Amino acid sequence: MKAAIVGATGYGGAELIRILQQHPEVTVQSYHSSSQWGGSIVDSYPHMQAVSGKELKAISHEQIAQDADLAFTATPSGVSSKLVPELLKHGIRVIDLSGDFRLKDPRQYEAWYNSKAPDEVILEEAVYGLAEWLDTDVRNAQLIANPGCYPTAALLGLAPLVKHLPIDPASIIIDAKTGVSGAGRKAVPVTHYTEMNDNLKIYKVLEHQHTPEIEQVLSGWNSNAGTITFSTHLVPMTRGIMTTIYIDVPESITAEKLFELYQESYKDCYFVRIRKKGTYPSTKEVYGSNFCDLSLAYDERTNRIMIVSVIDNLVKGAAGQAVQNMNRMFGIDEKTGLDLAPVYP
Ligand SMILES: NC(=O)C1=CN([C@@H]2O[C@H](COP(=O)(O)OP(=O)(O)OC[C@H]3O[C@@H](n4cnc5c(N)ncnc54)[C@H](OP(=O)(O)O)[C@@H]3O)[C@@H](O)[C@H]2O)C=CC1
Ligand SMILES: CC(=O)N[C@@H](CCC(=O)OP(=O)(O)O)C(=O)O
């Protein structure tokens, strides 16, 4: 299979290159950049000697569609919304890493992204690619909207509860923390070394664009689901997301039942690992891998469940899940090319 990577000079693109380099079924046919075409990947990433002979190309929709079976668009929101329809028009399948095709309601997109929504027909057609909980057969999908990093961590943590128990979804609080690579490679004051080093910041308070994405999925799972409380923090680390989720529970649940529900729900999901009762994951324990590690705690004093979920934002939260979706799209075992052990310490 032949793939093209658009946005190859960004962090998501670089992670796609790293993963696809050792994918036995894929050849990366071309690497694309809007500003550095004519140059080479190693100009941006000198450690990527394995692709040193590859020239970065300009973005020609027609050429990309002619040469490859699939395009990954690892481009910013607002860019993907214009790029992807052109690629689809030329008949190529696309996995988009941005937030542009995740929200079904264009008014929601415009309200949270402050930008014009893509065409409604394409929004309708796009499959939301939360790989463990796909609700359609993606072997025929033309466009997969790869989920956001925070929604991936939060939704994998919430799914079994929201799908199977009469919890009160309005009680959901998601307290999330991310590493700085979540902001991409571009230098901006907020992620500058002196701003971030030895510092902890809350940001996008009550206005994070992943809020409606999480709510949209939850309401598809449980008709009672509505609004959530979601907070996001920047932590002085390179990669990783931890979400700590709090939910009020019906009195009928016990810690044992809860644990069994999660074990059962994820028994066939290689990339979701439920931690032993009483132990809790840290972001380093999934660093560089496509795993999402989950822990549960039931607080009998408050009748609240606490779920802890960790992922690597660039892998399970972006490029890794995109490759997992690609594998599903092309009928390949989902683990192919992705069985990466976490890098620790
Ligand atoms: N970083 C993360 O953890 C995650 C990121 N995402 C999403 O994935 C996408 C890529 O993120 P990330 O790699 O971190 O971002 P970066 O800022 O690191 O990279 C963005 C890429 O887009 C390209 N680009 C910028 N402007 C344009 C344009 N006008 N036309 C075409 N290409 C353009 C840039 O390269 P060039 O100038 O060379 O064209 C660059 O390769 C974003 O939508 C992001 O929101 C999703 C989940 C997690
Ligand atoms: C640290 C940081 O800024 N993280 C980004 C993560 C979102 C992202 O990467 O993009 P998507 O919306 O495409 O998922 C943010 O909070 O907006």
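Residues numbered from 1 in each chain as written. Chains lettered and ligands numbered in written order. Predicted model: local features only at pLDDT ≥ 70, side-chain atom pairs only at ≥ 80, totals over all residues. Heavy atoms only, no water.

Under an unreviewed UniProt entry, the name given to the protein chain is N-acetyl-gamma-glutamyl-phosphate reductase, and the source organism is Lentibacillus halodurans. Taken from UniProt, the Function (unreviewed entry) comment for the protein chain reads in full: "Catalyzes the NADPH-dependent reduction of N-acetyl-5-glutamyl phosphate to yield N-acetyl-L-glutamate 5-semialdehyde." Listed in UniProt under the heading Pathway (unreviewed entry), the comment for the protein chain reads: "Amino-acid biosynthesis; L-arginine biosynthesis; N(2)-acetyl-L-ornithine from L-glutamate: step 3/4." (UniProt positions renumbered as here; feature names shortened; annotations may be inferred.)

Draft legend 1. Representation of the overall build of the protein chain within the structure. Summing up its helical and strand segments, the protein chain has 11 helices and 14 strands in all. Computed over its C-alpha atoms, the radius of gyration of the protein chain comes to 20 Å, within 12% of the 20 Å expected for a compact globule of 345 residues. Each of the three principal axes of the protein chain carries a C-alpha extent, and together these read 60 × 45 × 40 Å. Counting the 345 residues in the protein chain, one finds 56% classified as buried. Across the protein chain, every contact between residues at least 6 apart in sequence was considered, and the portion connecting residues at least 24 apart equals 70%. (Helix = DSSP H or I, 4+ residues; strand = E, 2+ residues; numbered from the N terminus. Rg over C-alpha atoms; globule rule 2.2 N^0.38 Å. Buried < 20%, exposed > 50% of the residue type's maximum accessible area, 1.4 Å probe, protein only. Contact = heavy atoms within 4.5 Å.)

Draft legend 2. Structural view of the sheet that holds strand β2 (residues 27-32). Read from one edge of the open sheet, seven strands run β3-β2-β1-β4-β5-β7-β6, paired in parallel fashion. Of all the strands in the sheet, just β3 (56-57) and β6 (127-128) have a single pairing partner and so form its edges. Where β6 lies against strand β7 (residues 143-145), two bridges are found, and the strand directions are parallel. Residue pairing for β7: Tyr-128 is matched across the bridge by Ala-145. (Pairing = 2+ DSSP bridges.)

Draft legend 3. Spotlight on the pattern of salt bridges. Per the stated rule, a full pass over the model turns up 19 salt bridges. Of the charged contacts in the structure, one is a salt bridge between Asp-175 and Lys-177, with a shortest N-O distance of 3.3 Å. Here Lys-335 ties to Asp-333 by a salt bridge, and the two come within 4.0 Å at their closest N and O atoms. The class for Asp-333 is partly exposed, based on a relative accessible area of 45%. Members of the salt-bridge network, linked through shared partners, are Glu-15, Arg-18, Arg-239 and Asp-312. (Salt bridge = Lys/Arg side-chain N within 4 Å of Asp/Glu carboxyl O.)

Draft legend 4. Looking closely at the environment of Phe-291. When you line up the elements, Phe-291 lands in the loop between β12 (272-274) and β13 (292-299). Sequence separation of Phe-291 and Leu-338 is 47 residues, and the distance between their C-alpha atoms is 9.5 Å. Setting aside anything within four residues of it in sequence, one finds Phe-291 in contact with Tyr-270, Phe-271, Arg-273, Val-286, Val-310, Ile-311, Lys-316, Leu-340 and Pro-342.

Draft legend 5. Representation of the UniProt feature "active site" (unreviewed entry) in the protein chain. According to UniProt, the feature "active site" (unreviewed entry) maps to Cys-149 in the numbering used here. Counting through the fold element by element, Cys-149 comes out in helix α7 (residues 149-164). For Cys-149, a relative accessible area of 15% gives the class buried. The residues touching Cys-149, leaving out its near neighbours within four places in the chain, are His-210, Ile-241, Ile-311, Asn-313 and Gly-317.

Draft legend 6. Quick look at the nonpolar core. Membership of the largest hydrophobic core comes to 44 residues, with the highest contact counts inside it found for Leu-161, Ile-172, Leu-218, Tyr-262 and Tyr-266. Secondary-structure elements contributing two or more residues to this core are α7, β8 (173-178), α9 (210-221), β11 (241-248), α10 (255-265), β12, β13 and β14 (304-311). The element contributing the most residues to this core is α7, with 10 residues. Membership of the second largest hydrophobic core comes to 38 residues, among which are Ile-144, Phe-291, Ala-319 and Ala-322. (Core = buried A, V, L, I, M, F, W, Y, C linked by side-chain atoms within 4.5 Å.)

Draft legend 7. Structural detail: the packing of α7 against α9. With their axes 10 Å apart at the nearest point, α7 and α9 run at an angle of 25° to one another. Here α7 lies roughly parallel to α9, going by the angle between them. As α7 runs across α9, the sense of the crossing is right-handed. Between α7 and α9, the residues in contact are Cys-149, Tyr-150, Pro-151, Ala-154, Leu-155, Leu-158, Ala-159, Val-162 and Lys-163 and His-210, Glu-213, Ile-214, Val-217, Leu-218 and Trp-221, respectively. Considered class by class, the residues forming the contact of α7 with α9 number 12 nonpolar, one polar and two charged. (Axes fitted to C-alpha atoms, helices over the stretch in contact; angles between N-to-C directions. Parallel < 35°, antiparallel > 145°, perpendicular 65-115°, else oblique. Left-handed = near helix turned anticlockwise from the far one by under 90°. Nonpolar A, V, L, I, M, F, W, Y, C, P; charged D, E, K, R; others polar.)

Draft legend 8. Structural context of the domain arrangement of the protein chain. Looking at the protein chain, the domain boundaries give domain 1 (2-125) and domain 2 (150-313). Each of domain 1 and domain 2 has a C-alpha centre, and the two are 27 Å apart. Regarding the contact of domain 1 and domain 2, the summed buried area is about 1,100 Å², with carbon and sulfur atoms giving 53% of it. Looking at the side of domain 1 facing domain 2, the largest losses of area belong to Tyr-11, Arg-102 and Trp-112, adding up to 52% of the total buried there. The interface formed by domain 1 and domain 2 includes two salt bridges. Here Arg-102 makes a salt bridge to Glu-213, at a shortest N to O gap of 3.0 Å. (Domains from an automatic or database assignment. Buried area = accessible area lost by both parts, 1.4 Å probe.)

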